[in-house]
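Each chain, letter by letter, is given below.
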Amino acid sequence: MKHRFIGLVFCMLLCCCAVMGDCLAQDGGQTWLNASGMTVETRFVPPQGYERVKYDDPYTEYVRKLPMLPDGSPILIYTGELKPIQSNHVGVLDIDVGDRDLQQCSDAAQRIRTDYLFQTEQYDKINYQFVNGMKFSWNQYKQGYRAVREGKKTVMKKIGKANHSLESFRNYQKSLFMYAGVSSVMKESPELTVADIRPGDAIAGTGHLIIILDVVENAQGKKKVLLAQSYIPAQQIEVLKNPMSESPWYDADLFESCPFVTPEWTYDCPFPKIYRLL
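Residues numbered from 1 in each chain as written. Predicted model: local features only at pLDDT ≥ 70, side-chain atom pairs only at ≥ 80, totals over all residues. Heavy atoms only, no water.

**Q** An account of helix H6 (residues 166-179) is needed here, citing residue identities and associated values.
**A** The terminal C-alpha atoms of H6, which comprises 14 residues, lie 20 Å apart, in line with the 20 Å expected from a rise of 1.5 Å per residue. Every buried residue of H6 is accounted for by Ser168, Phe169, Tyr172, Gln173, Leu176 and Phe177. (Helix = DSSP H or I, 4+ residues; strand = E, 2+ residues; numbered from the N terminus. Expected span 1.5 Å × (residues − 1). Buried < 20%, exposed > 50% of the residue type's maximum accessible area, 1.4 Å probe, protein only.)

This is the structure in structure tokens:
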């Protein structure tokens, strides 16, 4: 009779969770998910003993306030089809991926950064390298300059009309995503240590870049991070599970050891390294 009673209570609790939809995901008795939260900072609850640190950098707040799709949303690739693997994420950012296979891993990080710079009218900072080392700025593009091939070289030529619109900026981003990549981001971005990391930074190594979406810290200065990525083919930006834990928060100290394992990518030694996008 006692076992039947316990079983009945357990079933009632499960039903309550399913009906109300308000149950929080658990990590060793700690809650890490607020399913009703619609931004990064309201969806993902810091682990017990950790809190979000305020930085003297408005970009970190911008990243923390990035919008989320409803909890449980699947990941779509650029064609509008479902990504074949749907088991490695705990959330999806509400940022369009476009209709071309362009916004892949490092491109997603540049999308977030350049969106911020455009929205805050910091146009002079929207100036990035292609893989071949050539600089490509929004100030050039909006005046009608385009990257064109001349023999074996890519050069900037004025072949279009001046256009400062958001639509023109989206076309600038598409060109950037086409000709930039992980290697160019690593080459132009300052390298950091774990002590320096902030939301919006990235970890990268040969072949892949992952966004540091949020950072929390405890009283002893230990940090944990949320990670997010796009992939190949281009897909919506997903917040990654931690394959070593029930919680998606990663120990930041793991960046300084290798291999560093994420659900779809393993960084072998000597990577990953930490970078701050310009």
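Still more to cover.
**Q** Describe the layout of surface pockets, with residues and values.
**A** Quantified by volume, the largest pocket comes out at close to 190 Å³. Taken together, 15 residues form the lining of the largest pocket, with Asp57, Tyr59, Arg113, Arg276 and Leu277 sitting closest to its centre. Sorting the residues of the lining of the largest pocket by element identifies helix H3 (58-64) and helix H4 (105-119) as the ones contributing at least two each. Size it by volume and the second largest pocket reaches roughly 160 Å³. If you trace the second largest pocket, you find it lined by Asp96, Val97, Gly98, Asp99, Arg100, Leu102, Gln103, Arg111, Arg170, Gln173, Lys174 and Phe177. Classifying every residue of the lining of the second largest pocket gives 3 nonpolar, 3 polar and 6 charged. (1 Å grid on protein atoms, 1.4 Å probe; cavity = no way out; pocket = protein on both sides within 12 Å on 5 of 7 lines; lining within 4 Å. Points joined across faces, edges and corners; volume = space filled by probe spheres on them. Nonpolar A, V, L, I, M, F, W, Y, C, P; charged D, E, K, R; others polar.)

**Q** Go over empty space enclosed by the protein, please, and point to the residues and values.
**A** Rolled over the atoms, a probe as big as a water molecule pinpoints where empty space is left. Summed over the entire model, instances satisfying the criterion amount to 1 cavity of 30 Å³ or more. Put simply, the largest cavity is a space of about 40 Å³. Residue lining of the largest cavity: Tyr59, Val63, Ala109, Ile112, Arg113, Gly200, Ile211 and Leu277, and that is the complete set. Elements with a contribution of two residues or more to the lining of the largest cavity: H3 and H4. No other element matches the 3 residues that H4 contributes to the lining of the largest cavity. Taken together, the residues of the lining of the largest cavity break down into 6 nonpolar, 1 polar and 1 charged.

**Q** Give a description of the packing of aromatic side chains that names residues and reports values.
**A** Summed over the entire model, instances satisfying the criterion amount to 19 aromatic pairs. Between the aromatic rings of Phe136 and Tyr141, the centroid separation amounts to 6.0 Å while the plane-to-plane angle is 85 degrees, which identifies the pairing as edge-to-face. Overall, Phe136 belongs to the buried group, its relative accessible area being 1%. On the accessibility criterion, Tyr141 (6% relative accessible area) is buried. Ring geometry for Phe255 versus Phe260: centroids 5.1 Å apart, planes at 70 degrees, classification edge-to-face. (Phe/Tyr/Trp six-rings, centres within 6.5 Å; stacked < 30°, edge-to-face > 60°.)

**Q** Explain the state of the cysteines residue by residue, including any values.
**A** Taken as a whole, this structure holds 1 disulfide when the rule is applied. Paired through a disulfide, Cys258 and Cys269 show a sulfur-sulfur distance of 1.8 Å. Because the sign of the S-S torsion sets the handedness, a value of about 95 degrees for the bond joining Cys258 and Cys269 places this disulfide among the right-handed ones. Of this pair, Cys258 sits in the loop between strand E14 (250-251) and strand E15 (260-261) while Cys269 sits in the loop between strand E16 (266-267) and strand E17 (273-275); the two residues are 11 residues apart in sequence, bridging distant segments of the chain. Residue class for Cys269 comes out exposed when judged on its relative accessible area of 53%. (Disulfide = S-S within 2.5 Å.)

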